[in-house]
Amino acid sequence: MGDLNERLLVQLGSYNTNLQAGSGLPQDLVDWLAPTFQVSSFLFKEPRAADIVAIGFQELLPLHLGLAGLSTSVIDERDAHIRTQIESHAPHKESYSLIAKVVNVGVALLVYARDDAIARRVCEVQTQWTGCGPGYMGNKGAVGVRFRVSDRGSNAGEVFTFVCAHLTAHETHLAHRIADYHHIVRTLLFPPPTPSSPAQSPTTLYATSHLFFLGDLNFRVAIPPSHPLVMTSRSDEVLSMLKDEKMREALKEYDQLINERRNGRVFIGLREGPFWTFKCTYKYKLGEVDIYNTKRTPSWTDRIMYTTYTDSPDMPDQSNITNVLYTSIPSYTTSDHKPIVSLLLLPPLPVSASTPTTQEPSSPPLLHLPPTYIPTPDPYTLLKKYTGRTLDRIIGYTWWFLILIGAGSAVVGVFNFFFGYVAWKWWGTSSGGNAGTTITDAA
């Protein structure tokens, strides 16, 4: 299994905050972070802080503000809040540096690294975004962070890629979600892994040593109409079924994501921990810890997936990454989603790469994909991205203006605008008529 101290510890978290902006998180994030440190104490002689922490958000702020690009204050506030909480709950008060933060409309990603370890060797940091909403708008889409850790395994080091996404909603829109994923793969493009790479064209998210994909992916549990969970109309019976892990393990066979991934139609090459060990993360009644909104089938919409360059494409359900922790946090009640957290222990360095050489390899190690899957960049990526961003800004500022003149309501704003326009036209017509009458009399 190798020396655990050679293995990096990566903590991942994801939360759809239901457009709550600054009020979307409690002041104390111990419920979200403390399980990480409790679990790490079982692996090491003493509790160990994560080497890398990546936190993703969806529906970060009200949609009109996100579309207008007015997210700076919110993401800066989240950065300060999260970093303070990570450091205050770290077992030895380790300090962290922000490697990168990126936001597009309501999808955001923040990545941190420990100052006494990984942060010193991080280089070539890149951020990217893409939209897959109507007209490539960013109400749905993904953001990504990529960086290289130098002198890890070899002089070329290893490349880490983190992606946070929010895909199309609703159970019946499975094909849209699959299309969203492939659009993200083709348009969330990064420069080559190293400046010395032979190919200098943009690369997809798969051109990396380690890949982590998280977010509100919106895949649902599509249960047959004859299943007891569908046939019952009593919410207490539904809740009772979902509390039982054996029942949840049986329900996972109806999970759209796991079935589409098994069939090779989506998330090719990615692995996932046992998500059925925790209750479905959506859809909860606001303000409730454990009560679902029965308008939607409870589902594991929020997920964390991963893979590493030593994983074999011939064993798609096995990974050399150890999934130490994968759970949800039920105590958060301001959203209809529950946040999720995962603690991943990366594999030890291969023996051949354990000692850096004096020679400069051309590139870091990269993922191994099935030979039938070759992800290719979309040649129209920039056109699509900036078409979507232009629509975002036009709609966002228009919506913001209507809310402003409507005292917080876009509907009232539309009425006020229409009423004001009519009044202006009437005043202009009336003034013109009066002026004409005066001229006639003067003549």
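Scroll up to find the structure.
Residues numbered from 1 in each chain as written. Predicted model: local features only at pLDDT ≥ 70, side-chain atom pairs only at ≥ 80, totals over all residues. Heavy atoms only, no water.

With mixed pairing, the 6 strands of this open sheet are ordered in space as β5-β6-β7-β8-β10-β9. The sheet is open, and its two edges are formed by β5 (122-131) and β9 (271-272), each paired on a single side. Two elements, strand β7 (residues 158-166) and strand β8 (residues 210-216), share 7 bridges in a ladder whose sense is parallel. Within the sheet, the bridge partner assigned to alanine 165 lies in β8 and is glycine 215. Against the sheet, helix α4 (residues 174-187) contacts β5, β6 (141-149), β7 and β8, and its axis sits at roughly 135 degrees relative to β5. (Pairing = 2+ DSSP bridges. Helix = DSSP H or I, 4+ residues; strand = E, 2+ residues; numbered from the N terminus. Contact = heavy atoms within 4.5 Å. Axes fitted to C-alpha atoms, helices over the stretch in contact; angles between N-to-C directions.)

Right, let's get into the layout of surface pockets. Space inside the largest pocket adds up to approximately 250 Å³. Looking at the largest pocket, it is lined by 15 residues, and the ones nearest its centre are Arg261, Gly264, Ile268, Gly269 and Pro316. In the lining of the largest pocket, the residues fall into 7 nonpolar, 4 polar and 4 charged. (1 Å grid on protein atoms, 1.4 Å probe; cavity = no way out; pocket = protein on both sides within 12 Å on 5 of 7 lines; lining within 4 Å. Points joined across faces, edges and corners; volume = space filled by probe spheres on them. Nonpolar A, V, L, I, M, F, W, Y, C, P; charged D, E, K, R; others polar.)

One finds Leu12, Leu109, Val111, Phe147, Phe160, Phe162 and Phe212 to be the most contacted residues of the largest nonpolar core, which totals 43 residues. When sequence neighbours within four positions are dropped, the list of residues in contact with valine 111 reads Ile52, Val53, Ala54, Ser97, Leu98, Ile99, Ala100, Val145, Phe147 and Phe162. Grouped together as the second largest cluster of nonpolar side chains are 28 residues, Leu25, Leu29, Ile86 and Val341 included. (Core = buried A, V, L, I, M, F, W, Y, C linked by side-chain atoms within 4.5 Å. Buried < 20%, exposed > 50% of the residue type's maximum accessible area, 1.4 Å probe, protein only.)

The amide bond that connects tyrosine 282 to the next residue, lysine 283, takes the cis arrangement and shows omega of 10 degrees. As for its position among the elements, lysine 283 is in the loop between β9 and β10 (302-308). Despite not being glycine, asparagine 18 shows a phi value in the positive range, around 60 degrees. Looking at the secondary structure, you find asparagine 18 in the loop between β1 (9-16) and α1 (30-43). A relative accessible area of 16% means that asparagine 18 is categorised as buried. Within the chain, glutamate 124 stands out as a residue other than glycine whose phi angle is a positive 50 degrees. For glutamate 124, the position within the fold is in strand β5. Classification of glutamate 124 by relative accessible area gives partly exposed; the value is 29%.

Adjacent strands of a sheet form backbone hydrogen bonds with each other and so pair up, either parallel or antiparallel. Pairing is mixed across the open sheet formed by 6 strands, whose spatial order is β3-β4-β2-β1-β12-β11. Strand pairing shows two members of the sheet lacking a second neighbour, β3 (96-104) and β11 (322-328), which therefore form its edges. Across the sheet, the mean angle from the axis of one strand to that of its neighbour is 10 degrees, orientation sign disregarded. Summarising the sheet, β1 and strand β12 (residues 340-345) pair through 6 bridges and their orientation is antiparallel. By the bridge assignment for β12, leucine 12 is matched with serine 342.

Next up on the list: α4. Over its 14 residues, α4 extends 20 Å from the first C-alpha to the last, a length consistent with the 20 Å expected when each residue adds 1.5 Å. Buried residues of α4: Arg177, Ile178, Asp180, Tyr181, His183, Ile184, Val185 and Thr187, and no others. (Expected span 1.5 Å × (residues − 1).)

The next thing to look at is the environment of glycine 56. On the secondary structure map, glycine 56 appears in strand β2 (residues 52-58). Sequence spacing of glycine 56 and leucine 12 is 44 residues, and the spatial spacing of their C-alpha atoms is 8.0 Å. What glycine 56 contacts, discounting residues up to four positions off in sequence, is Gly13, Ser14, Tyr15, Ala108, Leu109, Cys164 and Leu214.

Most of β2 is tucked away, with 7 of its 7 residues classed as buried. Every second residue of β2 is oriented toward a common face, with Ile52, Ala54, Gly56 and Gln58 on one face and Val53, Ile55 and Phe57 on the other, all of them buried. The sheet contact formed by β1 and β2 spans 7 bridges and is parallel. When the bridges of β2 are listed, asparagine 16 appears paired with glutamine 58. Both β2 and strand β4 (residues 107-114) contribute to a ladder of 6 bridges, which runs antiparallel. Looking at β4, one finds that isoleucine 55 is bridged to leucine 110.

Our next topic: empty space enclosed by the protein. Counted under the stated rule, the structure contains 1 cavity of 30 Å³ or more. For the largest cavity, the calculated volume is near 30 Å³. What lines the largest cavity is Gly269, Arg271, Thr307, Thr308, Asp311, Leu367, His368 and Leu369. Residue composition of the lining of the largest cavity, by class: 2 nonpolar, 4 polar and 2 charged.

With that settled, consider the packing of aromatic side chains. Both the distance between ring centres and the angle between the ring planes are used here to describe each pair of aromatic rings. By the definition in use, this model includes 17 aromatic pairs. With 5.8 Å between their ring centres and 70 degrees between their planes, tyrosine 15 and tyrosine 332 make a pair best called edge-to-face. Separated by 317 residues along the polypeptide, tyrosine 15 in strand β1 and tyrosine 332 in the loop between β11 and β12 bring together distant segments of the chain. The exposure class of tyrosine 15 is buried, given its relative accessible area of 0%. An angle of 75 degrees between the planes, with centres 5.6 Å apart, marks the rings of tyrosine 206 and tyrosine 373 as edge-to-face. You can see tyrosine 206 sitting in the loop between α4 and β8 and its partner tyrosine 373 sitting in the loop between β12 and α9 (381-405), a full 167 residues away along the chain. (Phe/Tyr/Trp six-rings, centres within 6.5 Å; stacked < 30°, edge-to-face > 60°.)

All told, the structure shown has 16 salt bridges when counted by the stated rule. For glutamate 253, the salt bridge is made with arginine 262, and the minimal N-O distance between the two is 2.9 Å. Overall, the relative accessible area of 34% leaves glutamate 253 in the partly exposed class. A salt bridge links aspartate 336 to lysine 283; its shortest N-O distance comes to 3.0 Å. On the criterion of sequence distance, the pair formed by aspartate 336 in the loop between β11 and β12 and lysine 283 in the loop between β9 and β10 is long-range, its members being 53 residues apart. Summarising the burial analysis for this pair, aspartate 336 and lysine 283 share the class buried. Within the structure, one salt-bridge network assembled from shared partners comprises Arg48, Asp51, Arg114 and Asp116. (Salt bridge = Lys/Arg side-chain N within 4 Å of Asp/Glu carboxyl O.)

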